[in-house]
Amino acid sequence: MNNHFRANGKLLLTGEYFVLDGVPALAVPTKKGQAFSADPDYGQDDQRVSWIALDKDGEQWFRSLLTRADWAQPQVEAEDPKARICQILHAAEHLRTGCTDRVPGMDITTELEFDRQWGLGSSSTLIAAMASWLEVNPYKLLEATFGGSGYDLACAIAEGPILYERNGSTPKVTALDWHPEWVKSTHFVYRNQKQNSREGIRAYRAASVSERVKKAIGEITIALSDPTLHLRAAAQLLRRHERLVAETLDMKPVQEELFPDFPGQLKSLGAWGGDFIWALSEESSEKVGAYFNERGYETVIGYEEMVLR
């Protein structure tokens, strides 16, 4: 039995929100993810499980002892880590009766490779690892717990860029040979605040989403995945993508709101209002970095440093 797993982080380059409705989306796995290990602890009560979560610096940010009674009953949705873990275990047991029999008596450790605030998939990497360990369908486990489109689970095991189309618990995932030259000069900028994706999903669900916009977003995704595209053409596509999302959510694009003088094109990633911005520019990495650093945004990561390929 394999008790050690690792899952990649994720970034959704196109199709945010619309991916929930089956619109094709372009996504990439990140080099940094989360490791998960479950080892027997022969020195403790075999009716309890020890759970320790470490951050990217190896510092413990969560520790708890759990018993089967903790996850035996349906869990109330909460942000508390213990409640979340119990919710996952309860859902897994419901999906495959007896699968959590292996949990008591284990010493479980999770270790993030990226900053907890970055929004690269601390939840999805945990779901992916636990689904593998407990041998349950990861998409069904996600649906029963955190919810979402599932693209992040596909990224968790991907070896490179993917085209993702949601279809219940059996999504269509297409591996892409997508490494255009222009992406090498792009950057990811952390907005200094983490956004709750579930709140973003609720806002999208409350909006009036036209079929015209869904079709346009899908066309942009397909066009952007063309490996022969150049940076200026990609920037035009992403500018249109930003306008369409802004129109749907009745929100200002991040470039218009915060960086109107940026020499290039910016695109929000994930739930609008937080996490990362994708920056496309013909300026040098040094100038792009300086532009954001001068405005208080210290985390500027080059595409090739961030993305697994």
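Located above this text is the structure these notes cover.
Only a predicted model underlies this, so the values are computations on that prediction, with no experimental measurement involved.

Explanation requested: unusual backbone geometry in the structure shown.
With the exception of glycine, most residues fall at negative phi, and the peptide bonds are largely trans. One non-glycine residue, Tyr17, adopts positive backbone phi at about 70°. You can see Tyr17 is positioned in the loop between β1 (4-12) and β2 (25-40). One non-glycine residue, Asn192, lies in the positive phi region at around 70°. Topologically, Asn192 is positioned in the loop between β8 (187-190) and α6 (197-206).

I keep staring at the nonpolar core and nothing clicks. Help me out?
In a soluble, globular protein the nonpolar side chains are often hidden away together inside. Counting residues in hydrophobic clusters, the biggest one holds 45 residues, and the most contacted among them are Phe36, Trp51 and Trp133. Per element, the largest residue contribution to this core is eight residues, and it comes from helix α3 (residues 122-134). Sequence-distant contacts of Trp51, defined by excluding residues within four places in its chain, comprise Phe36, Phe62, Arg63, Ser64, Leu66, Ile85, Ile108, Thr110, Leu126 and Met130. Tyr17, Leu120, Ala216 and Val245 belong to the second-largest nonpolar core, a separate cluster that totals 43 residues.

Just to check I follow, could you spell out the sheet that holds β8 for this structure?
The pairing of strands in a sheet happens through backbone hydrogen bonds and is either parallel or antiparallel. The strand order β9-β10-β8-β11 describes an open sheet built from four strands, whose pairing is antiparallel. In this open sheet, the two strands that pair with only one neighbour each are β9 (265-268) and β11 (300-302). On average, adjacent strands in this sheet sit at an angle of 25° to one another, irrespective of strand direction. When β8 meets β11, the two strands line up antiparallel, connected through three bridges. What sits directly across from Val189, in β11, is Val300. Contacting β9 and β10 (276-280), helix α8 (residues 231-249) runs over the sheet at an angle of about 45° to β9.

Before we go on, may I ask you to explain α3 in this structure?
In an α-helix, one turn spans 3.6 residues, which is why side chains three or four residues apart end up on the same side. Taking 1.5 Å of rise per residue, 13 residues should cover 18 Å, and α3 covers 18 Å from first to last C-alpha, within 8% of that figure. Burial analysis of α3 places 10 of its 13 residues in the buried class, which makes it a mostly covered element. Residues Ser124, Thr125, Leu126, Ile127, Ala128, Ala129, Met130, Ala131, Trp133 and Leu134 constitute the buried set of α3. Positive phi appears at Glu135, one or two residues downstream of α3, with a value of about 60°.

Criteria and thresholds
- Residues numbered from 1 in each chain as written.
- Predicted model: local features only at pLDDT ≥ 70, side-chain atom pairs only at ≥ 80, totals over all residues.
- Heavy atoms only, no water.
- Helix = DSSP H or I, 4+ residues; strand = E, 2+ residues; numbered from the N terminus.
- Core = buried A, V, L, I, M, F, W, Y, C linked by side-chain atoms within 4.5 Å.
- Buried < 20%, exposed > 50% of the residue type's maximum accessible area, 1.4 Å probe, protein only.
- Contact = heavy atoms within 4.5 Å.
- Pairing = 2+ DSSP bridges.
- Axes fitted to C-alpha atoms, helices over the stretch in contact; angles between N-to-C directions.
- Expected span 1.5 Å × (residues − 1).

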